[in-house]
Amino acid sequence: QLSPATVRLLLALAGCDSGFGQATARHLDAMGFRVFASVLDPQGPGAQELRRSCSPKLTLLQMDLTKPEDIQNVLQHIQTHTNSTGLWGLVNNAGFNDTIADAELSPLGKFRACMEVNFFGSLELTKGLLPLLRSAGGRIVTVSSPAGDLPFPCLAAYGASKAALSLLMDTFRSELQPWGVKVSLILPGYYKTGTTCDPAFWNLQKQRLVASLPQELLQAYGEDYVEEINRQFIQFMKVAVEDLSAVVNSITDGLLAADPAVRYYPGQGLGLMYFIHRYLPYFVRDLFLKGFFINPKLPRALRQAHHSEAKA
């Protein structure tokens, strides 16, 4: 295990407004490392909390991963301050999802938005910092999601972007091995972070989704179908874990352990979930995910068809 005494570590963390990123930035700063923490809103409560609770060594940088000019500004700042030392670690933590719905009901723009932040933004930042990471023989730690490995109902846009991210980082892991750069993935369970557990946020998103759906599609599924998905998701929020320390410890291990794991699975129930995914038939896995997460009711058109058949 490395320590500040043995290596002058410079670490870049993306997505520190709240959740895992903010908690990890605080933890690593307290351990004595020099941290560059990016936030979406430098005047927001998350950034203010980091200024209040961290040492003067922590540098806050504004970055929206959907804006190449923001990424370039961050890259230039980090390069200026680390050219002589290299960069020891990059933590890709920024993530985005604002839609809980079937893939057919999710607007194409939502898929693109998830890909922009969760995949392309992380790709551009990682590629930009690779020369510094290679010169230090450093680490890349990326927070992905089990939704990128398993077909969670109503998470297609988010899950597809995380699947792409996981495969990308696995490819980087293989390709960067000769350079001594080690790459780890974090696949956390369900934790209370940012807006992910705010019922008001998800109720608003549901209303916007219903208002945006073509009439024919809304007729086929039914507004009550979308309402039920939202109700079940808000109910699922109650299992969210508030203590983020297991994830923070996994990220820290990925950065500092002499031989970090390729994948970390912080969170309860993930072992069973992956066992079912790998070893049992698909229908068992699908039933498990519906029972664990969201089990949508029958769409309106199918209910009407069943009703007509029953009458006949």
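Please read these numbers as outputs of a predicted model, since none were measured by experiment.

**Q** Give me the lowdown on the packing of helix 1 (residues 19-30) against helix 2 (residues 45-53), citing residues and values where you can.
**A** The contact between helix 1 and helix 2 brings their axes to 10 Å, and the two run at 10 degrees. When the axes of helix 1 and helix 2 are compared, the pair comes out roughly parallel. Handedness of the crossing formed by helix 1 with helix 2: right-handed. Of the residues in helix 2, those in contact with Gln22, Ala25 and Arg26 of helix 1 are Gly46, Glu49, Leu50 and Ser53. By residue class, the composition of the contact of helix 1 with helix 2 is 2 nonpolar, 3 polar and 2 charged.

**Q** Outline the nonpolar core, listing residues and values.
**A** Generally speaking, a soluble globular protein has its nonpolar side chains buried in company with each other. Membership of the largest hydrophobic core comes to 64 residues, with the highest contact counts inside it found for Ile78, Leu125 and Leu129. Among the elements that line this core, the one with the most residues is helix 4 (residues 108-136), at 9 residues. Ignoring sequence-local partners within four residues, the contact set of Ile78 consists of Ala12, Phe36, Leu61, Leu87, Leu129 and Leu132. In this structure, Leu11, Phe33, Val35 and Ala47 belong to the second largest nonpolar core, which totals 28 residues.

**Q** So what about unusual backbone geometry? Which residues, and what values?
**A** Of note in the backbone geometry, Cys154 takes a positive phi value of approximately 70 degrees without being a glycine. For Cys154, the position within the fold is in the loop between strand 5 (139-143) and helix 5 (156-175). For Cys154, a relative accessible area of 8% corresponds to the buried category.

**Q** Please set out the pairing of strand 3 (residues 59-62) residue by residue, giving values where relevant.
**A** Only one face of strand 3 is covered, namely the face carrying Thr59 and Leu61; the face carrying Leu60 and Gln62 is uncovered. Across 4 bridges, strand 2 (residues 34-39) lies against strand 3 in parallel orientation. Note that in strand 3 the partner of Phe36 across the bridge is Thr59. Where the polypeptide runs from strand 2 across helix 2 and back to strand 3, its parallel neighbour, the crossover connection is right-handed.

**Q** If you had to explain helix 10 (residues 270-279) to someone new, which residues and values would you point to?
**A** Residues of helix 10 that are buried: Leu270, Met273, Tyr274 and Ile276. Along helix 10, the residues classed as buried sweep out an arc of 160 degrees about the axis, all on the same side. Opposite the buried face of helix 10, by more than 90 degrees, sit the exposed residues Gly271 and Tyr279. Where the residues of helix 10 are buried, they touch strand 7 (263-264) and helix 11 (282-292).

**Q** Mind laying out helix 1, listing which residues take part and the relevant values?
**A** Given a rise of 1.5 Å per residue, 12 residues ought to cover 16 Å, and the 17 Å separating the end C-alpha atoms of helix 1 matches this to within 8%. Of all 12 residues making up helix 1, 9 are buried, and the element is well covered by its neighbours. Burial in helix 1 covers these residues: Gly19, Phe20, Gly21, Gln22, Ala23, Thr24, Ala25, Leu28 and Asp29. Tucked inside the fold, the buried residues of helix 1 contact strand 1 (10-14), strand 2, helix 2, strand 5 and helix 9 (245-256). Gly32 sits one or two residues past helix 1 and shows a positive phi near 105 degrees.

**Q** Break down the packing of aromatic side chains for me, with residues and values.
**A** Across all of its chains, the model carries 13 aromatic pairs by this definition. Residues Tyr190 and Phe236 carry aromatic rings whose centres are separated by 4.8 Å and whose planes lie at 25 degrees to one another, so their mutual orientation is stacked. Of this pair, Tyr190 sits in the loop between strand 6 (182-186) and helix 6 (199-212) while Phe236 is found in helix 8 (residues 223-236), placing the two residues 46 residues apart along the sequence. For Phe236, a relative accessible area of 7% gives the class buried. Ring plane angle 90 degrees and centroid distance 4.9 Å describe the contact between Phe236 and Phe293, whose orientation is recorded as edge-to-face. In this pair, Phe236 sits in helix 8 while Phe293 sits in the loop between helix 11 and helix 12 (300-311), placing the two residues 57 residues apart along the sequence. Take Phe293: its relative accessible area is 8%, and that puts it in the buried class. An aromatic cluster of three or more residues is present, and its members are Phe152, Tyr190, Phe201, Trp202, Phe233, Phe236, Phe288, Phe292 and Phe293. Between the NZ or CZ atom of Arg134 and the centre of the ring of Trp179, over which it lies, the distance is 4.4 Å.

**Q** Just give me the short version of the environment of Asn118, but keep the residues and values in it.
**A** With respect to the secondary-structure elements, Asn118 resides in helix 4. For Asn118 and Gly194, which are 76 residues apart along the polypeptide, the C-alpha to C-alpha distance reads 16 Å. Leave out the neighbours within four places in its chain, and Asn118 touches Ala94, Gly95, Phe96, Tyr158, Ser161, Lys162 and Leu165. In terms of polar contacts, Asn118 uses its side chain to reach the side chain of Ser161, at 3.0 Å.

**Q** Quick rundown of the environment of Ser161? Include the residues and the values.
**A** Counting through the fold element by element, Ser161 comes out in helix 5. For Ser161, the residues in contact, after removing those within four places along its chain, are Cys114, Met115, Asn118 and Phe119. Reaching out from Ser161, the side chain makes a polar contact with the backbone oxygen of Tyr158 at a distance of 2.7 Å.

**Q** Please provide a residue-by-residue account of the packing of helix 6 against helix 8, values included.
**A** Axis separation between helix 6 and helix 8 bottoms out at 10 Å; the angle between their running directions is 165 degrees. One way to sum up the angle between helix 6 and helix 8 is to call them roughly antiparallel. Read as a crossing pair, helix 6 and helix 8 show a hand that is right-handed. Of the residues in helix 8, those in contact with Pro199, Trp202, Asn203, Lys206, Leu209 and Val210 of helix 6 are Glu223, Val226, Glu227, Asn230, Phe233 and Ile234.

Procedures and definitions
Residues numbered from 1 in each chain as written. Predicted model: local features only at pLDDT ≥ 70, side-chain atom pairs only at ≥ 80, totals over all residues. Heavy atoms only, no water. Axes fitted to C-alpha atoms, helices over the stretch in contact; angles between N-to-C directions. Helix = DSSP H or I, 4+ residues; strand = E, 2+ residues; numbered from the N terminus. Parallel < 35°, antiparallel > 145°, perpendicular 65-115°, else oblique. Left-handed = near helix turned anticlockwise from the far one by under 90°. Contact = heavy atoms within 4.5 Å. Nonpolar A, V, L, I, M, F, W, Y, C, P; charged D, E, K, R; others polar. Core = buried A, V, L, I, M, F, W, Y, C linked by side-chain atoms within 4.5 Å. Buried < 20%, exposed > 50% of the residue type's maximum accessible area, 1.4 Å probe, protein only. Pairing = 2+ DSSP bridges. Right-handed = clockwise from strand over helix to strand, strands pointing away. Arc of directions from axis to C-beta. Expected span 1.5 Å × (residues − 1). Phe/Tyr/Trp six-rings, centres within 6.5 Å; stacked < 30°, edge-to-face > 60°. Lys NZ or Arg CZ within 6 Å of the ring centre and 35° of its normal. Polar contact = N/O pair within 3.5 Å; in protein donor to acceptor, adjacent residues only side chain to side chain.

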